[in-house]
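What follows is the residue order along each chain.
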Amino acid sequence: MNFLAHIYLSGDNEGVTIGNFIADGIKGKKYQKYPSTIQKGILLHRFIDSFTDSHPTVRKSTKRLHEKHGHYSGVVVDILYDHFLAKNWNQYSDTTLENYVNNFYEMLQDNYVMLPTRIQRMMPYMIADNWLLSYATIPGIDKILTQMSVRVNGKSNMNFAVLELKEFYTEFEEEFTSFFEELRASCKEKLVEIEQKY
């Protein structure tokens, strides 16, 4: 899953949300230097990644992209799934997506000193271009995929992935919807388990 899903699956705890958001840059046991609530978010993030990568529905989505995008297929699917979460946001939250992402951006700014340097550098661009809100539209997803393709020197063909999104839109959406219900339920259980250890 990509940024929006990780943030959403954190629930209402600010520390867990920050931890889940920054976790990609925290390797091994380095998470232990953070406050306990942020540690919980990092551990939740790792669970989400593991659950997602091994899930047969996600693998079905990924396989559809493998011929053109190779080992970047999983990255593309993460972004496409965030599109369907953003597009169908009112099914998952009583707060509008715009208000939700604005609240998250404020949370990031309030916790700036806790963010790894890479995230601190990325944050102004994320907010200025409003990445999270842009996930809700196909042009927004196209822009994100194109930017990511540039970062990996065009080797991924991610800038063309929106063509497959359009071609297999119904299939991807159905796969996301069924998978995300399982993931939400599993994350709730995992959070309870993590809470009991702290």
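This section reports on the structure supplied with the text. (Residues numbered from 1 in each chain as written. Predicted model: local features only at pLDDT ≥ 70, side-chain atom pairs only at ≥ 80, totals over all residues. Heavy atoms only, no water.)

### Focus: the packing of aromatic side chains
Alright, step 1. All told, the structure shown has 17 aromatic pairs when counted by the stated rule.
Alright, step 2. Centroid distance Trp89 to Tyr100: 4.7 Å. Interplanar angle 55°. Geometry classified as tilted. With a gap of eleven residues between them, Trp89 in the loop between helix H5 (73-87) and helix H6 (97-110) and Tyr100 in helix H6 connect regions that are remote in the sequence.
Alright, step 3. Assessed through its relative accessible area of 4%, Trp89 is described here as buried.
Alright, step 4. Judged by its relative accessible area of 18%, Tyr100 falls in the buried class. (Phe/Tyr/Trp six-rings, centres within 6.5 Å; stacked < 30°, edge-to-face > 60°. Helix = DSSP H or I, 4+ residues; strand = E, 2+ residues; numbered from the N terminus. Buried < 20%, exposed > 50% of the residue type's maximum accessible area, 1.4 Å probe, protein only.)

### Thoughts on helix H4 (residues 56-69)
Alright, step 1. The end-to-end C-alpha separation of H4 is 19 Å, in line with the 20 Å expected for 14 residues at 1.5 Å each.
Alright, step 2. The largest bend along H4 measures about 35° and falls at Lys63.
Alright, step 3. Listed as buried for H4 are Thr57, Val58, Ser61, Thr62, Leu65 and His69.
Alright, step 4. Structurally, H4 contributes buried residues whose contacts are with helix H3 (36-53), H5, helix H10 (161-167) and helix H11 (169-197).
Alright, step 5. One or two steps after H4, the chain reaches Gly70, where phi turns positive at roughly 50°. (Expected span 1.5 Å × (residues − 1). Bend = angle between axes of the 7 residues up to and from the residue. Contact = heavy atoms within 4.5 Å.)

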